[in-house]
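# Fold and contact review
One-letter residues, chain by chain:
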Amino acid sequence: MDPNITKALNDKLYDKRKSGALELESLIRDSLQAGDFDRIQRIVSQLCHEYAYAVHQPHARNGGLIGLAAASIALGPDVARYLEEIVPPVLACFTDHDARVRYYACESMYNIAKVAKGEILVYFNQVFDALCKLAADNELSVKNGAELLDRLIKDIVAESAASYVSILHAPEDTAGESGDDQEKPHQELPTAFSLECFLPLLEERIHVLSPYTRTFLVAWITLLDSIPDLELVAHLPRFLGGLFKFLSDENQDVYTATQTALDRFLSEIKKIARIKRGIAESKKSQGDDFNRSTSSFRSGADVDSDTESSAIVGRRASTDDKYDGNSDSASIAIDDDKSGSGDGDWVPGQDVHVDHPKILEILVKFLEAPFGDKETENHEILLTTLRWIDAFFEICAEEMMPSVPSLLTHVLPRMSHDLESVRQAAIKVNASLMDYIMSLSDDSRRPDGSTSGQIQLPTSLSALGKELTGAERRDSNLSTRLLKTVIQDRADVRSLDSKGTRTPTPAEERGPSPRPIPELDYQAAVNALTLQFLNEHEATRVAAIAWLIMLHRMAPGKILSVEDGTFPALLKTLSDPSEAVVTRDLLLLSQISKNSDDSYFTSFMVNLLKLFCTDRRLLETRGNLIIRQLCVTLSAERIYRTMADCLEKDEDVEFASIMVQNLNNNLITAPELADLRKRLRNLDSRDGQSFFVSLFKTWCHNAVATFSLCLLAQAYEQAYHLLQIFADLEMTVNMLIQIDKLVQLLESPVFTYLRMQLLEPERYPYLYKCLYGLLMLLPQSSAFAALKNRLNSVSAIGYLHMAPRGYVPTSSNFNHLRQKSSDAGPPSAPPSTLGNTGSSFERQNRLKARDEGGVKWVELLDKFKATQERARKNARLASLGEDVGVGMSPVEKEKGPPEVPPKSTRVPGPTAPLGRPLPGPAGQQAPGHKPRGGLGGLGRFAGGVAGRKKK
């Protein structure tokens, strides 16, 4: 350079430096026209090393920066060859401590980039890094200068980044030659802007905290995504995590720009997924059309060959030629159809690969992040994450299957979030996930169930999936949908479950499908759901059990088996304070029992009784609910039989009495057990008798419950004998309270039949004795007054019906005892007694099991006495502070009932219970020397009544 130029560039005044730069620009132009490239090179080198790199001389650096800008303007398009020397010193000045140097560096780079245009993209990473730092500069003038430079670089990138190739990399002879051989190597040349080289820098800078830098980065990400040929969305997982963190920035501008960019990426991912899905469906439909056309053509050709099979060889040859021509024309037509359908046309986005699993992994990590006390600050990240996850069910639901356990672990707790928006988003994700899993279950079962009368398959798998998911999404009520799908005909449930376990993925019947149905990790999902039982929020626990119900219905053989450790957790959940949780837990336990063998059911009942025994508060507060719900979903008789067998062997007499009292109260009052009550009233069948006996043996632990059971079964005679034993028992306050409740229950609709039977005293004589016996046991109370009023209202009817009985022969009064033919009454019975005889025979049919050995009444009474005696001794020992829990001693077993010791040996075999309760008069029955016991006294009373009638 000339001395005057060097002096001007070193001057501290900007105007003199500017005039020196203008002179330098003129000098370089002259040298360029003269072709003196060596001088130009020396000038550029001098500007860089003597001026721009002069760290401790700010005026020289400023002069060097303006001189490099002037040199670039003078060089024009030829500046590309000198950028390798010009750009680095300018970039070095961006980090100078002097704000004026940084500003002049921005001004210089702006002029250089304006001349270089696409060539500056070779140094894009260095320029971008410098601008990223200057975006958060403290000096406003530097920020403004960096913003101007940033706009220029964005314009250059938007215009040239996708296709511009630097002239330094392009061969010189490409412009003068043409041909295919020259075009191929030209297409393979690298562009000046490399996205692969830029992404590592973006990954590094995406974690900045400055809001200005974040705004700068979001703007650049949005710009690069808007360039179609770059396809930045394919590299989204590399910077998506950092972009999501921008949502927690307190600066509203950062949040708005980030949310807009994320929405843009999500819509672009949806669009690419739709394009690929449409291309796959079009290819499949074209394949189906091809198969149909070829099959129809072959069938037509076969017909032609059959009709002309009798022709001569020459004609057959001509026919074959004709067949070949037809086949060629058919294939040509098919090819024309393919080309006309647009299969070969390129659609934007069809070849873009979006890494859905990686994106889902990033999203799940944001759900896993512990928010702690700052959760309200980061709720926008959580909300956006949930919306993205929900959108991915439409984009790539099949790729979400590996993430299901993690989603369950972190989405279900968000259903109880404090913010309504987050809570609704989590509920929506949960519903979408459940709909998809249920649609997979329906997909796997459709082919098995469609073999009888349905079409084998829809036109495409995607259409089937859309129909199923659409049908499921129309009913978004979670609990209602689950109850409808779970509580249904048991045979249908078992058949569906067995089909689901046998063919989880029926690929043989589906044929070629575009996507294989993924497999769910059932065990991991169950473990994740079980952990939610410990969540403090009710909505989360309810959703977890609803998931377990659905998963068990899908694959009963894979989860929640007998050996599974989930069973104790399910039992413990019965103590949950939420009634909705307990109800669904019972529904799940019932569903498991229905799909398991008897050993599981027995284990369930035993563990349930143990839970009641250890948690008495649960028995008091939720015992009735648990028993009733189980009776709705399972067999009520099976539940009562199993519990009765377990309680009969229980050595804890106190708990057995309390449990029997609860079971008996439900048996009497629960609407769910109406059928069971009807079954108990029918003792004519073997099943009814065995059920009654099994309950009676266990109900002996509670005296009032045993009496109530006899009233339900209409075994009034046995109930009267129990009342006679009550007289020898210690009437505790608890027993009187139970009798008081029983009297109140007698006024309920359940015992309407019993009150109506009071109108027929000749048919139900022991009913009166039972009720009057209760009246005698009760103290003067409201229950006493209620029962007394009830009995007084029918006492006149009782006397009216008792009067005609004087005309009835003695044999007719006791024909309900099912006498043998040799012991029948005298044949001189008047016809007027036929009505009473028929009524007595109805009562006789009720107790005809005595002849057949079905119900051994005396043994049941002995069992009752022994059980009550054991309870009395245990209570006495407990009051003395001694250890209780021993069984009945052999002495007690030998002692038997105190009132009727000889009766058990009078008549051996099953006829013993027949003659014991009601013996006939001495003239009719030979053994007139029968012992007088409690039940024998009842026989004497009956005989005395008959004798008075004879008189």
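Not measured: the values here are computed from a predicted model.

Take the pattern of salt bridges next. All told, the structure shown has 25 salt bridges when counted by the stated rule. A salt bridge links Glu-637 to Arg-641; its shortest N-O distance comes to 3.0 Å. Of the two residues, Glu-637 and Arg-641 are both situated in helix α29 (residues 636–648); the distance of four residues between them amounts to about one turn of the helix.

Further remarks concern the environment of Arg-277. Inspection of the secondary structure assignment puts Arg-277 in helix α13 (residues 252–307). Spatially, the C-alpha atoms of Arg-277 and Gln-350 are 9.5 Å apart, while their sequence positions differ by 73 residues.

As recorded in UniProt, the sites labelled "repeat: HEAT" (unreviewed entry) are residues 86–121. In this annotation, residues 86–121 is assigned 72% helix and 0% strand; the end-to-end C-alpha distance for the span is 14 Å.

Counting 254 residues, the largest nonpolar core has Trp-388, Leu-551, Tyr-640 and Phe-692 as its most contacted members. It is helix α16 (residues 379–396) that provides the largest number of residues to this core, a total of eleven residues. Inspection of this core shows a minimum of three residues originating in each of domain 1 (1–168) and domain 2 (683–799 + 858–875). Once you skip the residues sitting within four places of it in the chain, Trp-388 turns out to touch Leu-236, Leu-240, Phe-244, Leu-262, Phe-265, Leu-266, Ile-269, Ile-359 and Leu-363.

In this section: the environment of Arg-541. Turning to its location among the elements, Arg-541 is positioned in helix α24 (residues 538–554). Accessibility expressed as a relative area gives 7% for Arg-541, which makes it buried. Sequence-distant contacts of Arg-541, that is, excluding residues within four places in its chain, are made with Gln-532, Phe-533, Asn-535, Glu-536, Asp-576, Pro-577, Ser-578 and Val-581. A distance of 3.3 Å separates a polar atom in the side chain of Arg-541 from the backbone oxygen of Glu-536.

Turning next to α16. The end-to-end C-alpha distance of α16 is 25 Å, a good match for the 26 Å that 18 residues give at a rise of 1.5 Å each. Most of α16 sits out of view: 14 of its 18 residues are buried.

Look at helix α32 (residues 686–699) against helix α42 (residues 857–879): their axes get within 9 Å of each other, and the N-to-C directions meet at 20 degrees. Here α32 lies roughly parallel to α42, going by the angle between them. Contact residues: Phe-692, Val-693, Phe-696 and Lys-697 in α32; Trp-857, Leu-860, Lys-863 and Phe-864 in α42. Of the residues belonging to the contact of α32 with α42, the class tally is six nonpolar, no polar and two charged.

Before going further, it helps to examine helix α35 (residues 733–746). In this model, α35 (14 residues) spans 20 Å end to end at C-alpha, consistent with the 20 Å of a helix rising 1.5 Å per residue. Of the positions making up α35, those classed as buried are Met-735, Gln-738, Ile-739, Asp-740, Leu-742, Val-743, Leu-745 and Leu-746.

For the rest of this paragraph, the subject is the side chain of Asp-576. Along the chain, the position of Asp-576 falls in the loop between α25 (566–573) and α26 (579–594). Classification of Asp-576 as buried rests on a relative accessible area of 9%. At a separation of 2.8 Å, a polar atom in the side chain of Asp-576 contacts the main-chain amide nitrogen of Ser-578. Those residues within four positions of Asp-576 in sequence are excluded, and the remaining contacts are Arg-541, Val-581, Val-582 and Arg-622.

Bringing the packing of aromatic side chains into the picture now. With the rule as written, the count across this model stands at 25 aromatic pairs. Seen from their ring centres, Phe-124 and Phe-193 are 5.0 Å apart, and the 80 degrees between their planes marks the pair as edge-to-face. Of this pair, Phe-124 sits in helix α7 (residues 124–134) while Phe-193 sits in the loop between α9 (180–187) and α10 (195–205), placing them 69 residues apart in sequence. In terms of burial, Phe-124 and Phe-193 fall into one category: buried. Judged by centre distance (5.8 Å) and plane angle (50 degrees), the rings of Tyr-720 and Tyr-766 are tilted. Placement of the pair is Tyr-720 in helix α34 (residues 716–726) and Tyr-766 in helix α37 (residues 765–777), with a sequence separation of 46 residues.

Another point: the packing of α29 against α32. Across the interface, α29 lies against α32 with an axial gap of 8 Å and an inter-helix angle of 40 degrees. Relative to α32, the element α29 lies oblique. Considering how the two elements wind past one another, α29 and α32 form a crossing that is left-handed. In this structure, α29 contributes Glu-637, Tyr-640, Arg-641, Ala-644, Asp-645, Leu-647 and Glu-648 to the contact, and α32 contributes Asp-687, Ser-690, Phe-691, Ser-694, Leu-695, Lys-697, Thr-698 and Trp-699. Of the residues that constitute the contact of α29 with α32, the class distribution is six nonpolar, three polar and six charged.

Basis of the calculations
Residues numbered from 1 in each chain as written. Predicted model: local features only at pLDDT ≥ 70, side-chain atom pairs only at ≥ 80, totals over all residues. Heavy atoms only, no water. Salt bridge = Lys/Arg side-chain N within 4 Å of Asp/Glu carboxyl O. Helix = DSSP H or I, 4+ residues; strand = E, 2+ residues; numbered from the N terminus. UniProt positions renumbered as here; feature names shortened; annotations may be inferred. Core = buried A, V, L, I, M, F, W, Y, C linked by side-chain atoms within 4.5 Å. Buried < 20%, exposed > 50% of the residue type's maximum accessible area, 1.4 Å probe, protein only. Domains from an automatic or database assignment. Contact = heavy atoms within 4.5 Å. Polar contact = N/O pair within 3.5 Å; in protein donor to acceptor, adjacent residues only side chain to side chain. Expected span 1.5 Å × (residues − 1). Axes fitted to C-alpha atoms, helices over the stretch in contact; angles between N-to-C directions. Parallel < 35°, antiparallel > 145°, perpendicular 65-115°, else oblique. Nonpolar A, V, L, I, M, F, W, Y, C, P; charged D, E, K, R; others polar. Phe/Tyr/Trp six-rings, centres within 6.5 Å; stacked < 30°, edge-to-face > 60°. Left-handed = near helix turned anticlockwise from the far one by under 90°.

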